[in-house]
Amino acid sequence: MLHVLILAAAVIFPAQQIESGADVIRAMHDRYEGEWYTNLALIQTVNYYDVASGGVDSVRVWYESIRLPATVRSDIAPLNSGNRIFYKDGAWITIEADSVVSNNPGPHPLLLLGFDVYVQPVEETLGMLERFRFDLSQLRTDEWEGREHYVVGGENREFWIDVETLLFTRLFLQNPNTGASREILFEAYEQLGGGWIATEIKFMRSGRVDMWERYDYWTIDVEFADDLFALTGGSRPTWVKN
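Scoring rules and cut-offs
Residues numbered from 1 in each chain as written. Predicted model: local features only at pLDDT ≥ 70, side-chain atom pairs only at ≥ 80, totals over all residues. Heavy atoms only, no water. Buried < 20%, exposed > 50% of the residue type's maximum accessible area, 1.4 Å probe, protein only. Helix = DSSP H or I, 4+ residues; strand = E, 2+ residues; numbered from the N terminus. Contact = heavy atoms within 4.5 Å. Polar contact = N/O pair within 3.5 Å; in protein donor to acceptor, adjacent residues only side chain to side chain. Salt bridge = Lys/Arg side-chain N within 4 Å of Asp/Glu carboxyl O. Core = buried A, V, L, I, M, F, W, Y, C linked by side-chain atoms within 4.5 Å.

**Q** Describe helix 4 (residues 122-131), naming the residues involved and giving the relevant values.
**A** Restricting attention to buried positions, one finds in helix 4 the residues Val122, Thr125, Leu126, Gly127, Met128 and Leu129. In the core, the buried residues of helix 4 are packed alongside helix 2 (21-32), helix 3 (109-114) and strand 9 (157-162). Two residues or fewer past helix 4, arginine 133 is found with a positive phi of approximately 70°.

**Q** Describe the side chain of threonine 45, listing the residues and the values that go with them.
**A** Assignment of secondary structure puts threonine 45 in strand 1 (residues 39-49). A polar atom in the side chain of threonine 45 sits 2.6 Å from the side chain of aspartate 216. Beyond its immediate chain neighbours, meaning those up to four positions away, threonine 45 contacts Val59, Arg60, Val61, Trp212, Glu213, Arg214 and Asp216.

**Q** I'd like a rundown of unusual backbone geometry, residues and numbers included.
**A** In this structure, proline 69 follows leucine 68 across a cis peptide bond, with omega equal to 0°. Of note, proline 69 is situated in the loop between strand 2 (56-67) and strand 3 (71-76). The omega torsion of the bond from alanine 77 to proline 78 falls at 0°, within 30 degrees of zero and hence cis. Within the secondary structure, proline 78 sits in the loop between strand 3 and strand 4 (84-88).

**Q** Tell me about the pattern of salt bridges, residues and numbers included.
**A** Counted by the stated rule, this structure contains 14 salt bridges. Note that arginine 147 is salt-bridged to glutamate 164, the shortest N-O span being 3.2 Å. With a gap of 17 residues between them, arginine 147 in strand 8 (residues 147-154) and glutamate 164 in the loop between strand 9 and strand 10 (168-174) connect regions that are remote in the sequence. A residue is classified by how much of its surface remains accessible, and arginine 147, at 26% relative accessible area, is partly exposed. Taking the shortest distance from any N to any O, the salt bridge between arginine 170 and glutamate 183 comes out at 2.7 Å. With arginine 170 in strand 10 and glutamate 183 in strand 11 (residues 181-192), the pair connects residues that are 13 residues apart, well separated along the chain. Owing to a relative accessible area of 10%, glutamate 183 belongs among the buried residues under this scheme. If you follow the salt bridges from partner to partner, you end up with Asp23, Arg26 and Glu123 in one network.

**Q** So what's going on with the nonpolar core? Residues and values would help.
**A** In terms of nonpolar packing, the biggest core is built from 51 residues, with Ile25, Trp36, Leu129 and Phe159 touching the most fellow members. Ranked by the residues each element gives to this core, the list is headed by helix 2, at six residues. If we skip the residues at most four places from it in the chain, tryptophan 36 touches Leu68, Gly114, Phe115, Tyr118, Val119, Leu167, Gly194, Gly195 and Trp196. Ile43, Tyr63, Phe86 and Val222 belong to the second-largest nonpolar core, a separate cluster that totals 13 residues.

Keep in mind these numbers describe shape, not what the thing actually does.
So, in structure tokens, the structure goes:
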């Protein structure tokens, strides 16, 4: 089925001239412009691994309410604990027992490359990627999991985009001084409305998994109350049925 969808997309969206990372981002946006969802609710099971032994260290369930672009509320089960994490206004905010305990500005390249790129202006995405220190002038093609990819960025900081689907699949970061690497994989894509969703996200350090997110439920058929994204004193995610 995926192969059929890809062939259909190739007919509807003829290949653009791709000569730089900026061209890749523009092609990603244009392919799904006006079709990609902007509200997403999902339940994920998060497995944390002990990197040394490779065994599961702990398991948590998160309820995520996402409003694109750039706003995520992650409630950590049980809901009545009042524990949650926001990504909002360019900052990571941790709430414990309904009180803010940290507020740290910082990038969210996974949200940007996996979701926001398809719904926000191209120039905004390019500006963010430059602030994240990706070298958009560097572009090559390579193979990953049997599929051709655009690889954007320099040797120690790059992201991978499937050539046919124009979906984000891989982020690779390496410390040039120590050689230690950080890799995040977007896997098991499913079509969702006019867009897609990676239903498994794997986080790795120096080649070993340390966190694995698996989505157990996802829907775009949801409307969020505006105060759901208030840091404190707002509503809770009523879409959660259990």
